[in-house]
Amino acid sequence: MASTAAVAQYDQEKIRAQLRKWQEHLLDLTRANPLLGINRSRVSKLRIIDPQAKELFEALVEGEAELKMPLATRRSARTQPQLELDEVDATANYQVEPGNVEFEATPIELLRRLRRIYDNARTSVEERGVTTLHVAFGTLIWNDEWLGESISPLWMVPAQLVSKGPNIALRLLASDEEMQLNPDLELYLRGRHKVKLPEIPEEPSGDSLSDFFRNVQLATQEHRWRVADDVWLTTFSFESLVIYKDLNALAETAVNHPVIAALARAMEMGETPEQTTDELDELATPDVVPVPILPVDSSQLHALVYGAAGNHQVVHGPPGTGKSQTISNLIADALGRNKTVLFVSSKMAALNVVYRRLAEEGLARVCLEAHSTKAGKAKIVDELRRTL
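A brief report on the enclosed structure follows. (Residues numbered from 1 in each chain as written. Predicted model: local features only at pLDDT ≥ 70, side-chain atom pairs only at ≥ 80, totals over all residues. Heavy atoms only, no water.)

**Focus on the overall build of the protein**
Put simply, the rule reads: Runs of E in the DSSP output that reach at least two residues are strands. Runs of H or I that reach at least four are helices, and both are numbered from the N terminus. Any residue under 20% of the maximum accessible area for its type is buried, any over 50% is exposed, and the rest in between are partly exposed; the area is computed with a 1.4 Å probe on protein chains only. Whether two residues touch is decided by their heavy atoms; if any such pair falls within 4.5 Å, the residues are in contact. Per-residue accessibility takes into account occlusion by the displayed protein chains alone, with areas from the Shrake-Rupley method and a 1.4 Å probe.
The secondary structure content of the protein amounts to 13 helices and 10 strands. Of all 388 residues assigned to the protein, the portion counted as buried reaches 38%. Considering only contacts within the protein whose residues lie at least 6 apart along the sequence, 67% involve residues at least 24 apart. When the accessible surface of the protein is split by element, carbon and sulfur atoms take 51% of a total near 22,900 Å².

Laid out in structure tokens, this is it:
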């Protein structure tokens, strides 16, 4: 009965309405989304014309090969900066040193686009811990009254470009992350055209890739759409769609959660947010008084005591005021009370700072890094083996 009463205090319809609003803000089902139309994408991209899709898939995915990219270099023997890209006759000054992959691009286009793709992919990993670089196998050429003529990638293989030096060709290899069917395309076609695309095979191979293309063609044949075995190298982002799907899957849990109810303004709240007092002596003494592992000032200790009592709180302040140190102390205190902590940040630098501080205090063995390039299955298993 107690749990029923607790649930009844929330306006569940208001929570569901807010969940729908959050989901709408997460989705980009417009013409600007490269996942729905790579032909309209303004992001740097390169179409691979050799090897063919099946052969490339077998080398990159099955064989886990490290593929050498073509390298555009100046014909002139004189030493000049490599990135003088604004010259009208720049194309005539460049030649291409072949690699394991050939792109549909002039030498200057190859130099510009490949460098931008590499920079974009590296920045997303370094700043957000997110792999955005993908090799997209196969495209669906289709038409829609809202989007017009569209060419959408199908089978997405996460990848990485590795630099071995300023004058050495980049290397392309598959990343240790999950391959997936284009999620935005799958959602759009299912919702607007009632078309269910086939799932990616559990055992990826060159033959299963060919079978997949045939199955997509069968699923879309009534619409007279066409599947091409094109291959593209570019950057895509899926984070917002992952959150969208989580909100769908966890909707029933969300409508009964006090924090979600508070964020959706679906529960009775005070006139103003509760603010902690400046007097530590006025706070109720917790059963176990937290002992910080890192030095704290009075405001940081204040936040630690308040958090140890089980309260929700927002800690804010300008850079350099000790927010990361406070978080490190809160995590260490929770670990000391045999609790599990999930620390989430959109900035990888914040994750690294907190992890480093915990590691310096001997707590690395209880930390599982499940983000960026450390989130692949093999790396997670290695981390679990190390910590357990």
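Once the structure has been displayed, the description carries forward.
**A closer look at the side chain of T326**
Residue placement: T326 occurs in helix α11 (residues 323-336). If we ignore the near neighbours within four places in the chain, the residues touching T326 are Q300 and A303.

**Looking at a nonpolar patch on the surface**
Let me state the cut-off plainly: Like charges are joined within 9 Å and nonpolar side chains (Val, Leu, Ile, Met, Phe, Trp, Tyr) within 5 Å, but only among residues with over 30% relative accessible area and no salt bridge; these make up the patches. The term salt bridge refers to a pairing of a side-chain nitrogen on Lys or Arg with a carboxyl oxygen on Asp or Glu at a separation within 4 Å.
Taken together, the side chains of L368, L384 and L388 present a nonpolar region at the surface, about 330 Å² in accessible area. Here L384 shows up in helix α13 (residues 377-387).

**Things to note about the packing of helix α3 (residues 53-62) against helix α6 (residues 206-220)**
The condition that has to hold: Lines fitted to the C-alpha atoms define the axes, with helices restricted to the stretch that makes contact. Angles between their N-to-C directions range from 0 to 180 degrees. Working definition: roughly parallel below 35 degrees, roughly antiparallel above 145 degrees, roughly perpendicular at 65 to 115 degrees, and oblique for all remaining angles. The crossing is said to be left-handed when, going from far helix to near helix, the turn is anticlockwise and less than a right angle, and right-handed when the turn is clockwise. Gly is placed with the polar residues, together with every amino acid not listed as nonpolar (Ala, Val, Leu, Ile, Met, Phe, Trp, Tyr, Cys and Pro) or charged (Asp, Glu, Lys and Arg).
It is at 8 Å that the axes of α3 and α6 come closest, and there the two elements cross at 130 degrees. With respect to α6, the element α3 is oriented oblique. The element α3 and its partner α6 pack so that their crossing is right-handed. On α6, the residues that touch A53, K54, F57, E58 and E62 of α3 are G206, D207, L209, S210 and F213. The class makeup of the residues in the contact of α3 with α6 is four nonpolar, two polar and four charged.

**Re the pattern of salt bridges**
Under the definition given, this model contains 14 salt bridges. When the shortest N-O distance is used, the salt bridge between D119 and R122 registers 3.6 Å. Residue D119 and its partner R122 are located together in helix α4 (residues 107-128), separated by three residues, close to a single helical turn. Residue R192 is joined to D144 by a salt bridge in which the shortest nitrogen-to-oxygen separation is 3.9 Å. Residue R192 is located in helix α5 (residues 183-192), and its partner D144 is located in strand β6 (residues 133-144); the two are separated by 48 residues in the primary sequence. You can call D144 buried: its relative accessible area is 3%. What you see here is one network of salt bridges that share partners, running through R47, E104 and D230.

**Some details on helix α7 (residues 239-249)**
Since the α-helix turns once every 3.6 residues, residues separated by three or four places project in the same direction. We count it as follows: Think of the arc as the fan of directions from the helix axis to the C-beta atoms.
All of the buried residues in α7 are L241, Y244 and L247. Viewed along the axis of α7, the buried residues span an arc of 115 degrees, placing them on a single side of the element.

**Side note on the packing of aromatic side chains**
Heads up, the condition is: Two aromatic rings from Phe, Tyr or Trp, using only the six-membered ring of Trp, form a pair when their centres are within 6.5 Å; if the ring planes differ by under 30 degrees the pair is stacked, by over 60 it is edge-to-face, and anything between is tilted.
Applying the stated criterion across every chain, the model contains six aromatic pairs. Here the aromatic rings of W155 and F212 are separated by 5.3 Å at their centres, their planes lie at 80 degrees, and the arrangement is edge-to-face. Remark: F212 occurs in helix α6 and W155 occurs in strand β7 (residues 148-162); sequence separation between them is 57 residues. Among the residues examined, W155 registers a relative accessible area of 0% and is labelled buried. Taken together, F57, F137, W155, F212 and F213 form an aromatic cluster joined through their ring pairs.

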